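The primary structure of each chain is shown beneath.
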Amino acid sequence: MKKKIYINGYFTKEHINGVPRYASEIVKRLDKYFEDDEVVLCVPKDAPNIPVLRNIKVCTWEDRGKKHEMNNVLWGNITYKNYAKNKGINVNLTNRAENIQGSVTAIHDLISLTKFQYGFKLSIKDQLKTVFYYIKNKLWFIYKVSVKKNTASAIVTVSEFSKQQICKKLNIDEAIVHVIGDGWEHINNIQEFDEKKDERISPQSYFFFIGNVNPHKNMKWILNEAKNMPEELFVIAGKIPPNIKESIPDAVNNIIFLGYISDGYMKFLMRNSKALLFPSLVEGFGIPPLEQLALNGKAIVADIPVMHEIFKDSVYYVDPYKSDYDLNQILKAEISNGKDVLKENSWELSAEKWYKLIEKYRQG
């Protein structure tokens, strides 16, 4: 008899990018593989990003008959665990953890275990904050991966590079670690529009970066390129804490910081940029360059192993520790059109792999 499937749906409470994007897109496509009442997606209170599903049942806190329950980062360890344990097979598509034996779960990367420097001067107060957040996040991540290591029947990660890192650093048997990567089809469902946030932004007039300001994203590289190419415009989207933004040199006046932007404006900026910049020092996968290829755009990425694994000869490579490039000259080189990369890395293909893996472990 097949076990019922319970999916940790805390990602529905989070901003849909990165890991939450992965979980959301996979769940939407898993829906067609199951019949009614085979799968339950358990979501926290007031989750704003619940996908529309036909066969997978969504279980809210009201459905669980609760008037009060834990509703923060400990939700999975307390609320969801108490709901799902001993009922079937637990599935988690994110880095969060719940202490349920026999889980099919995910560890997207080990970035939280490595400390990177911002590369520009911070105040003593901000340096201390940075150290504090690094230690806090590292300890929390160590706890999560320890739980997964001790409870999982299968662990999914997003690239062969991440698999090698996970098996080596966490001493996990390669046989239980499976590679199921990211996809790009969501970009087709986003309605593109120009929010006209800055009159300097016009088609093919700028280089574009989107992401957070975490040190591994390598903001220093962007700043140095902007200094070296004062005649070019650099547009940066994503949350930048005020204290970090204040530390960025004022002399770099050819950078436009947009902060958080809508998906529609992101799509517009990607499609109309000279190139997407992705100079990360380390990544588990890298969705933005894949989105850029889906829009027939160009991407300049860091020359690191995982980028070569995923994108092969469809992007331009730069040394993330060297930032004196003429980016316009780089873009003159011949590369492939990226169709093979899009074919090999899609949400449809990844969902099929997740389905087969779940089915393998739910027999019983």
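Everything that follows concerns the structure shown earlier in this document.
Residues numbered from 1 in each chain as written. Predicted model: local features only at pLDDT ≥ 70, side-chain atom pairs only at ≥ 80, totals over all residues. Heavy atoms only, no water.

A. Examining the pattern of salt bridges more closely. For the structure on display, the rule yields 20 salt bridges. E25 is the partner of K28 in a salt bridge, and the nearest nitrogen-oxygen pair spans 3.2 Å. On the criterion of helical spacing, the pair formed by K28 and E25 is a turn pair, its members being three residues apart in helix α1 (residues 18-30). Judged by relative accessible area, which is 36%, K28 ranks as partly exposed. (Salt bridge = Lys/Arg side-chain N within 4 Å of Asp/Glu carboxyl O. Helix = DSSP H or I, 4+ residues; strand = E, 2+ residues; numbered from the N terminus. Buried < 20%, exposed > 50% of the residue type's maximum accessible area, 1.4 Å probe, protein only.)

B. Main features of the nonpolar core. Of all hydrophobic cores here, the largest spans 70 residues; its most connected members are Y22, L93, F208, V235, I261, L269 and W354. Once residues lying within four places of it in the same chain are set aside, the contact partners of L269 are I201, Y206, F208, V235, L258 and I261. Listed in part, the 24 residues of the second largest apolar core include L122, A275, L277 and L327. (Core = buried A, V, L, I, M, F, W, Y, C linked by side-chain atoms within 4.5 Å. Contact = heavy atoms within 4.5 Å.)

C. Structural detail: the environment of S112. On the secondary structure map, S112 appears in the loop between β5 (103-106) and α3 (124-151). A residue is classified by how much of its surface remains accessible, and S112, at 29% relative accessible area, is partly exposed. Residues S112 and E62, spaced 50 residues apart in sequence, show a C-alpha to C-alpha distance of 34 Å. Once you skip the residues sitting within four places of it in the chain, S112 turns out to touch Y134, K138 and F141.

D. Focus on the side chain of S24. Examined against the element boundaries, S24 turns out to sit in helix α1. On the basis of relative accessibility, which here comes to 6%, the residue S24 falls in the buried class.

E. Here's a closer look at the layout of surface pockets. Taken as a whole, the second largest pocket holds about 220 Å³ of empty space. Taken together, I16, R21, S24, E25, K28, N49, I50, P51, H186, N189, I190 and D263 make up the lining of the second largest pocket. With four residues, the single largest contributor to the lining of the second largest pocket is α1. Residues belonging to the lining of the second largest pocket are distributed by class as follows: four nonpolar, four polar and four charged. (1 Å grid on protein atoms, 1.4 Å probe; cavity = no way out; pocket = protein on both sides within 12 Å on 5 of 7 lines; lining within 4 Å. Points joined across faces, edges and corners; volume = space filled by probe spheres on them. Nonpolar A, V, L, I, M, F, W, Y, C, P; charged D, E, K, R; others polar.)

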